[in-house]
Amino acid sequence: MELNSSSGKDKNALIERLLKELPVFKSLSDNYLSRIAKDFIVFQVKKGETVFYQSDSSTDLYIVLDGAVRASLLNQEGQELVLATFDKGDFFGEMSLLDGKPRSATMIAVEDSALGMLKREKFLTAVKNDPMIAIDLLSAVVQRLRMADGMIESLAFLDVSQRLMKLLLQTAKAEGGKDKSGFFRIKKLTHKELAARTGASREAISKVIKVLAFRDVVREDGDYFLISPDAETGM
Ligand code: CMP
């Protein structure tokens, strides 16, 4: 991890660089950016560790310095629905930061990660200094609302098989690999993971995968799924 071996100075420089790339902080002067970078508390989380739980009462803002975390809703039985994944340079925790209410989701590290945490008061001071931050934050929140609308639409109007194919094709486009026969090639995800990302039960996913395999839309190949290019037109 880039941060493990770095000094305090390097950490500030990395935070400053990431903050510069964040649309939310784009209007801040370089001077102010380096001041605010020093206010971030940096810490590490191991893969699978929880950063905070839904309903916790903290109000700090976080930025992913390295690795990835995801926002999830968990029910009593431990079933998970993934709302969003945040990678290097993304921020999260803005909802409790803004309204002071409990955390809306549980945040879990998807891989070993380094996070920067900024106290609410420090963020509010930055906003007072430059109100454009608030406008940029609003724009980021609206973008997340649009994504959430997309998820609601999928849950309401698509069945499990269609939601699964949508996820597999999105992943295929992001990963970009194809095999010799033109099938998209993506790293295999567990049925539990697929269930968490499509809002379905693990049992439903297992059934759908069987049907898709029978129709030769999805093949399992060692650590990979192969997805038929025809799946795009079949959606
Ligand atoms: P907060 O409620 O403070 O803590 C949980 C965080 O998860 C939340 O702030 C957002 O940063 C993030 N989050 C919650 N719901 C969504 C969503 N639907 N889309 C993207 N991010 C979300």
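Here the structure is a predicted model, which means the values were calculated and not measured.

## Things to note about the nonpolar core
- Counting residues in hydrophobic clusters, the biggest one holds 26 residues, and the most contacted among them are Leu19, Phe25, Ile36, Phe123 and Ile133.
- Among the elements of the structure, helix H1 (8–21), helix H2 (30–39), strand S3 (61–66), strand S8 (113–118), helix H4 (120–129) and helix H5 (132–157) are those that each provide at least two residues to this core.
- Sequence-distant contacts of phenylalanine 25, defined by excluding residues within four places in its chain, comprise Leu19, Leu33, Ile36, Leu61, Phe123 and Ile133.

## Looking at the pairing of strand S4 (residues 68–74)
- Most of S4 sits inside the fold, with five of its seven residues counted as buried.
- Relative to strand S5 (residues 80–87), S4 runs antiparallel, the two being bridged by seven bridges. When the bridges of S5 are listed, leucine 74 appears paired with glutamate 80.
- Linking S4 back to S5 in an antiparallel pair, the connection comprises five residues, with glycine 78 at a positive phi of about 85°.
- Direction of pairing for S4 relative to strand S7 (residues 106–109): antiparallel, over a ladder of four bridges. Within the sheet, the bridge partner assigned to valine 69 lies in S7 and is alanine 109.

## A look at the site of the ligand
- Looking at the ligand, there are 16 residues lining it, with Gly93, Glu94, Ser96, Arg103 and Ser104 nearest.
- The contact in question runs from an oxygen atom of the ligand to an N or O atom on the side chain of arginine 103, over 2.7 Å.
- When isolated, the ligand has an accessible area of 450 Å², and the protein chains bury 91% of it.
- Elements supplying a minimum of two residues to the shell around the ligand: S5, helix H3 (94–99) and H5.
- Across the shell around the ligand, the residue classes tally to 10 nonpolar, three polar and three charged.

The rules behind these values
Residues numbered from 1 in each chain as written. Predicted model: local features only at pLDDT ≥ 70, side-chain atom pairs only at ≥ 80, totals over all residues. Heavy atoms only, no water. Core = buried A, V, L, I, M, F, W, Y, C linked by side-chain atoms within 4.5 Å. Buried < 20%, exposed > 50% of the residue type's maximum accessible area, 1.4 Å probe, protein only. Helix = DSSP H or I, 4+ residues; strand = E, 2+ residues; numbered from the N terminus. Contact = heavy atoms within 4.5 Å. Pairing = 2+ DSSP bridges. Near = heavy atom within 4 Å. Polar contact = N/O pair within 3.5 Å; in protein donor to acceptor, adjacent residues only side chain to side chain. Areas by Shrake-Rupley, 256 points an atom, 1.4 Å probe, with all protein chains shown as cover. Nonpolar A, V, L, I, M, F, W, Y, C, P; charged D, E, K, R; others polar.

Shape is all these values report; function is a separate question.
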